[in-house]
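Descriptive structure summary
Listed here are the chains, written in short residue letters.
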Amino acid sequence: DRLTILITNILDLEKLASGREILDRQNHNLRTTIIKAVGGVRQLARKKGIALETSGCEDVTLYYDEDRIIQVLTNLLSNSIKFAPAEGGRIIISSEESKDRILISVEDNGRGIPAKDIPFVFDKFFQSYNQNIKKPVGSGMGLAISRYIIESHEGNLSVDPQFVNGARFLVELKKPPP
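Residues numbered from 1 in each chain as written. Predicted model: local features only at pLDDT ≥ 70, side-chain atom pairs only at ≥ 80, totals over all residues. Heavy atoms only, no water.

**Structural notes on the nonpolar core**
By size, the foremost hydrophobic cluster in this structure holds 39 residues, and its most contacted members are Leu77 and Ile104. Residue assignment for this core shows that the elements contributing at least two residues are α2 (30-48), β3 (61-64), α3 (66-83), β4 (90-97), β5 (101-108), α4 (142-152), β6 (156-159) and β7 (167-174). Ranked by residue count, the leading element in this core is α3, at 7 residues. Those residues in contact with Ile104 that lie beyond four places of it in its chain are Leu30, Ile34, Leu73, Ile93, Ser94, Ser95, Phe169, Leu170, Val171 and Leu173. (Core = buried A, V, L, I, M, F, W, Y, C linked by side-chain atoms within 4.5 Å. Buried < 20%, exposed > 50% of the residue type's maximum accessible area, 1.4 Å probe, protein only. Helix = DSSP H or I, 4+ residues; strand = E, 2+ residues; numbered from the N terminus. Contact = heavy atoms within 4.5 Å.)

**A few points about the packing of aromatic side chains**
Counted by the stated rule, this structure contains 1 aromatic pair. Aromatic side chains Phe122 and Phe169 sit 6.2 Å apart centroid to centroid with 90° between the ring planes, which places their arrangement in the edge-to-face category. Of the two residues, Phe122 sits in the loop between β5 and α4 while Phe169 sits in strand β7, which places them 47 residues apart along the sequence. In this pair, the class of Phe122 matches that of Phe169, namely buried. (Phe/Tyr/Trp six-rings, centres within 6.5 Å; stacked < 30°, edge-to-face > 60°.)

**A word on the environment of Val121**
For Val121, the location among the structural elements is in the loop between β5 and α4. Along the sequence, Val121 and Ser158 sit 37 residues apart, while their C-alpha atoms lie 9.3 Å from each other.

**Concerning the pattern of salt bridges**
Within this structure, the stated rule accounts for 9 salt bridges. Here Glu151 ties to Arg147 by a salt bridge, and the two come within 3.9 Å at their closest N and O atoms. Placement of the pair is Glu151 and Arg147 together in helix α4, with a separation of 4 residues, close to one helical turn. Taking the relative accessible area as the measure of exposure, Arg147 reaches 26% and is therefore partly exposed. It is possible to trace a salt-bridge network through shared partners that takes in Glu107, Asp160 and Arg168. (Salt bridge = Lys/Arg side-chain N within 4 Å of Asp/Glu carboxyl O.)

**Thoughts on the environment of Val164**
Among the structural elements, Val164 can be located in the loop between β6 and β7. For the pair Val164 and Arg111, spaced 53 residues apart in sequence, the C-alpha to C-alpha distance is 9.0 Å.

**Some words on the side chain of Ser94**
Summarising the element assignment, Ser94 is placed in strand β4. Setting aside chain neighbours within four positions, we find Ser94 in contact with Ser55, Cys57, Leu103, Ile104 and Ser105.

**Remarks on the sheet that holds strand β2 (residues 51-55)**
Note on sheets: strands pair through backbone hydrogen bonds, and any given pair is parallel or antiparallel. Reading across the sheet, the 5 strands line up as β2-β4-β5-β7-β6 and stay open at both edges, with mixed pairing between neighbours. The outermost strands of the open sheet, each flanked by one partner alone, are β2 and β6. The sheet shows a mean angle of 15° between the axes of neighbouring strands, taken without regard to direction. Note: β5 against β7, 8 bridges, orientation antiparallel. If you follow Ser105 over to β7, its bridge partner there is Leu170. (Pairing = 2+ DSSP bridges. Axes fitted to C-alpha atoms, helices over the stretch in contact; angles between N-to-C directions.)

**Re α2**
For α2, built from 19 residues, the straight-helix expectation of 27 Å at 1.5 Å per residue is met to within 8% by its first-to-last C-alpha distance of 27 Å. Along α2, the helix axis deviates most sharply at Val41, where the bend reaches about 45°. Every buried residue belonging to α2 is among Leu30, Thr33, Ile34, Ala37, Val38, Val41 and Ala45, and all of these are buried. Residues of α2 that are buried sit in contact with β1 (26-29), β2, β3, α3, β4 and β5. Its side-chain oxygen at 2.9 Å from the backbone nitrogen of Arg31, Asn29 defines the N-terminal cap of α2. Positive phi appears at Gly49, one or two residues downstream of α2, with a value of about 80°. (Expected span 1.5 Å × (residues − 1). Bend = angle between axes of the 7 residues up to and from the residue. Polar contact = N/O pair within 3.5 Å; in protein donor to acceptor, adjacent residues only side chain to side chain.)

Following this line, the structure appears as structure tokens:
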């Protein structure tokens, strides 16, 4: 199963990187999309004793491929669940609207990302060796794929290097002109 997932991820990444992936862009409500992504991982968070909160999620319509944006948010939330502490862990997903963009934030109170790893977290197959005593399950492809998806939407996916109480990922999407 892991080999099949890895091969699928590699093929998916190759399509995205080469521009051959056709996005199904339509108008979607961002709050609804965030709620769908949260709903998909809520049971995992609950099982681990992690509080999963939405805060200030904007009720705005954007033009994007909803399945792909849910894939990105699910990956970010799943990573937060993986690294947030059991019993007492907290994950907050929020969004903030400005004149020409929406900034979605996924933050947790886990161990955070070592500063030396931040430049590499979006590289294919990268996994930090400093996260857990036990090596986490994963292929190191999720963040690379997520970045390509956001870039294919003319957006940006980054780590907030100033956030010190865990990890915070930022997804920036452009708003359509009025």
